[in-house]
Amino acid sequence: MSENTLSLREILTNNIRQSGIFVAFIAIVAFFSFLHPNFLTPGNITNIILQYSYILILAIGMVIVIIGGHIDLSVGSLVALTGAVSAVMVVKNGYPWWVGVLAAIAVGLLAGVWQGFWVAYVGIPAFIVTLAGMLVFRGLTFRVLENISLSPFGGTYYQIANGFQNGLLGGYGYDVFTLVIFAIAVAGYAVNAWRNRRAALRYHQDVEAMPLFILKILAVAGVVMWFAWQLATSRGLPNVLVLLAILVLIYGLVTQRTVFGRNVYAIGGNLHAAQLSGVKVKKVNFLIFVNMGFLAAIAGIVFSSRMNGAQPGAGNMFELDAIAACFIGGAAVTGGVGRVQGAMIGGLIMAVMSNGMQLMGYDQSVQQIVKGLVLLVAVAFDVYNKRRAGT
């Protein structure tokens, strides 16, 4: 089986959008770790995961919305509404934690059905529908909470975003279970990468040279296991990281390996061509917003658990953070381009910048300015690449 191998330079230039994201992420991490000695400590790394997990969950759904050529401005308000419904059920009425979770998911799905109907079947642009949704859901949040905060959840509900899996396999000064889980993940990544390489060779596609392939696997394994060690020597494996990993894995497969995922890319890339090729555009657009409602509910559960309560003003600006994560992560403004993994890197870039600036004592105004400039540069970079490619 002959190999059409690519050099490191060719790999970077052929996929400049994704490679640029990783380079930027590494540079930002290195920058803050140089400026502040506590940035890469186990405790701070754990805090980054806990504090920004709900934005990453929203980014998973938002990148699918953006790939389909839409936008969703309502997710922050929907996070507040679903968290409020959970709080009313669990805190105010004393129902078990799982009743609050199911109620929040039901509200999120209903909101997704509502918005999907107006976008897909009535034909109102998603910008207008979700702008209306942002106002409606925020108003409903105030009504549900009666303009007051509800807390605390406590118990199992609190552990959703604040609990850890540790001590299951023992360990002295570190959690063996965390290391085992990450080692299994690295092994799975290596096997999948090898299978993808073999498949590419079978169809005579270009692949990286074997030394570069091995170096990539070793580099990923080293970074992942270092990250695992930081968690293992802190508090163990966060519950919310397990949830996030499951969602990333599922939605990575959905977007890349299913008919629905291919249809979303087709609609965002060329709507007219998708219609001519038999794609059920209305159904796909409807499901895009139902899915976004579901993930907004999951984010609402995680956020209310993290805060140990529900507040009328919860979720403020979350939609903008999620949108920024997607565009920084390589999603195209015009639709048809983007990946779940890229959105995760974009979200992590936002999280690392916010956390690093907080450690260095910069106030919220400076953080907002920097985030805005980074988003602008990311979109400008995408536009430049398109013009360079002649599209």
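Presented here is an overview of the structure given in this document. On a predicted model such as this, the values are computed, not experimentally measured, just so you know. (Residues numbered from 1 in each chain as written. Predicted model: local features only at pLDDT ≥ 70, side-chain atom pairs only at ≥ 80, totals over all residues. Heavy atoms only, no water.)

### Brief notes about the nonpolar core
Among soluble globular proteins, nonpolar side chains are generally buried collectively. Put simply, the test is: Only buried residues count toward a nonpolar core. Its members are Ala, Val, Leu, Ile, Met, Phe, Trp, Tyr and Cys residues joined through side-chain atoms within 4.5 Å. Only protein chains enter the accessibility calculation, which uses a 1.4 Å probe; a residue is then buried when its area is under 20% of its type maximum, exposed when over 50%, and partly exposed in between. Strands here are runs of E lasting at least two residues and helices are runs of H or I lasting at least four, both read from the DSSP assignment and numbered beginning at the N terminus. We call two residues contacting when some pair of their heavy atoms lies within 4.5 Å.
Ranked by size, the top nonpolar core spans 84 residues in total, and within it Ile57, Leu58, Ile60, Met62, Val63 and Cys326 carry the most contacts. In terms of residue count, helix α3 (residues 42-67) provides more of this core than any other element does, 16 residues in total. If near-sequence neighbours (up to four positions away) are discounted, leucine 58 is found in contact with Val75, Val79, Met292, Leu295, Ala296, Ala299, Phe318 and Ala322. In terms of nonpolar packing, the next biggest core, distinct from the first, is built from 17 residues, Ile328, Met353, Met357 and Ala378 among them.

### Topic: the pattern of salt bridges
Here is the rule we go by: In the sections that follow, a salt bridge refers to a side-chain nitrogen of Lys or Arg positioned within 4 Å of a carboxyl oxygen of Asp or Glu.
Evaluation of the coordinates by the stated rule reveals two salt bridges. The partner of lysine 92 in a salt bridge is glutamate 146, and the shortest N-O contact between them spans 3.8 Å. You can see lysine 92 sitting in helix α4 (residues 75-92) and its partner glutamate 146 sitting in the loop between α6 (126-145) and α7 (155-162), a full 54 residues away along the chain. On the accessibility criterion, glutamate 146 (53% relative accessible area) is exposed. In this structure, the salt-bridge partner of lysine 371 is aspartate 321, at a minimum N-O distance of 4.0 Å. Within this pair, whereas lysine 371 is found in helix α16 (residues 364-389), its partner aspartate 321 is found in helix α14 (residues 318-328), the two being separated by 50 residues in sequence.

### Things to note about the packing of aromatic side chains
Stated formally: Between 30 and 60 degrees the pair is tilted, below 30 it is stacked and above 60 it is edge-to-face, where a pair is any two Phe, Tyr or Trp rings, Trp via its six-membered ring, whose centres lie within 6.5 Å.
Summed over the entire model, instances satisfying the criterion amount to twelve aromatic pairs. Between phenylalanine 32 and phenylalanine 39 the ring centres are 5.8 Å apart and the planes differ by 35°, which places this aromatic pair in the tilted class. Since its relative accessible area comes to 7%, phenylalanine 32 is described here as buried. For phenylalanine 39, a relative accessible area of 2% puts it in the buried group. Centre to centre, the rings of tryptophan 194 and phenylalanine 213 are 6.0 Å apart; their planes meet at 55°, and the pair counts as tilted. Residue tryptophan 194 is found in helix α8 (residues 176-202), and its partner phenylalanine 213 is found in helix α9 (residues 210-232); the two are separated by 19 residues along the sequence.

### As for a nonpolar patch on the surface
Defined as follows: Only residues whose relative accessible area exceeds 30% and that take part in no salt bridge are eligible for patches, with like-charged residues grouped when within 9 Å of each other and nonpolar side chains (Val, Leu, Ile, Met, Phe, Trp, Tyr) grouped when within 5 Å. Using a 1.4 Å probe, the Shrake-Rupley method yields the accessible areas, and only the shown protein chains count as cover for residues.
Taken together, Phe31, Phe34, Leu35, Met360 and Tyr362 make up a surface patch of nonpolar side chains, about 530 Å² in accessible area. Note on placement: phenylalanine 31 falls in helix α2 (residues 16-35). Relative accessible area serves as the criterion here: at 46%, phenylalanine 31 is assigned to the partly exposed category.

### Digging into α9
Since there are 3.6 residues in each turn of an α-helix, residues three or four apart along the chain are aligned in direction. Cut-off, in case you're wondering: What a helix should span is 1.5 Å times the count of its residues minus one.
For α9, which comprises 23 residues, the first-to-last C-alpha distance of 32 Å matches the rise-based estimate of 33 Å (1.5 Å per residue) to within 8%. What α9 keeps buried is the set Phe213, Ile217, Ala221, Ala228, Gln230, Leu231 and Ala232. Where α9 is buried, its residues contact α3, α8, β3 (206-208), β4 (237-238) and α10 (239-257).

### So, the layout of surface pockets
Cut-off, in case you're wondering: Cavities and pockets were defined on a 1 Å grid built over protein atoms only: a cavity is a set of grid points that admits a 1.4 Å probe from which the probe cannot escape, a pocket is an open set flanked by protein on both sides within 12 Å along at least five of seven lines, and lining residues are those with an atom within 4 Å of any such point. Grid points are joined across faces, edges and corners, and a volume is the space filled by probe spheres set on the points. Only Asp, Glu, Lys and Arg are considered charged in this grouping, and only Ala, Val, Leu, Ile, Met, Phe, Trp, Tyr, Cys and Pro are considered nonpolar; every other residue, Gly among them, is considered polar.
Here the second largest pocket is characterised by a volume of approximately 490 Å³. In this structure, the second largest pocket is lined by 23 residues; those nearest its centre are Met317, Asp321, Met350, Gln368 and Lys371. When contributions to the lining of the second largest pocket are tallied by element, the ones reaching two or more residues are α3, α14, α15 (340-359) and α16. Considering only residue class, the lining of the second largest pocket consists of twelve nonpolar, nine polar and two charged.

### Overview of the side chain of threonine 141
Mapped onto the fold, threonine 141 is located in helix α6. Assessed through its relative accessible area of 0%, threonine 141 is described here as buried. Non-local contacts of threonine 141, meaning those with residues more than four positions away in its chain, are made with Ser77, Ala80, Leu81, Ala84, Gln311 and Pro312.

### Quick word on empty space enclosed by the protein
Inspection of the entire model under this criterion finds one cavity of 30 Å³ or more. Looking at the largest cavity, its volume works out to about 40 Å³. Secondary-structure elements contributing two or more residues to the lining of the largest cavity are α4 and α13 (281-307). A total of four residues in the lining of the largest cavity trace back to one element, the largest contributor, which is α4. Counted by class, the lining of the largest cavity contains six nonpolar, five polar and no charged residues.

### A short note on helix α11 (residues 259-269)
Using the following cut-off: Starting at the helix axis, one direction is taken to each C-beta atom, and the arc is that of these directions.
Residues of α11 that are buried include every one of Gly261, Asn263, Val264, Ile267 and Gly268, and no others. For α11, the angular spread of buried residues about the axis comes to 160°, placing them on one side. Exposed residues on α11 whose side chains face more than 90 degrees from its buried face are Val259 and Gly269. Of the surrounding elements, those touching the buried residues of α11 are α3, α10, α12 (271-276) and α13.

### Quick look at the packing of α4 against α6
As a reminder of what qualifies: Lines fitted to C-alpha atoms define the axes here, with helix axes fitted over just the stretch in contact, and angles between the N-to-C directions of these axes take values from 0 to 180 degrees. For this classification, under 35 degrees means roughly parallel, over 145 means roughly antiparallel, 65 to 115 means roughly perpendicular, and everything else is oblique. Two helices crossing with the near one rotated counterclockwise from the far one by less than a right angle form a left-handed crossing, whereas a clockwise rotation gives a right-handed crossing.
Between α4 and α6, the least distance of the axes is 8 Å, while the angle of their chain directions is 20°. Taken together, α4 and α6 sit at an angle that is classed as roughly parallel. Every pair of crossing elements has a handedness; the one defined by α4 and α6 is left-handed. For the pair α4 and α6, the contacting residues are Gly76, Ser77, Leu78, Ala80, Leu81, Ala84, Val85 and Val88 in the first and Met134, Phe137, Arg138, Leu140, Thr141, Val144 and Leu145 in the second. Among the residues making up the contact of α4 with α6, the classes are represented as eleven nonpolar, three polar and one charged.

### Quick notes on the environment of glutamine 205
Along the polypeptide, glutamine 205 turns up in the loop between α8 and β3. With 42 residues separating them in the primary sequence, glutamine 205 and leucine 247 have C-alpha atoms 30 Å apart.

### Description of unusual backbone geometry
In this model, serine 151 is joined to proline 152 through a cis peptide bond whose omega is -5°. Among the secondary structure elements, proline 152 is positioned in the loop between α6 and α7. Its identity as a non-glycine residue notwithstanding, glutamate 146 has a phi of 55°, on the positive side.

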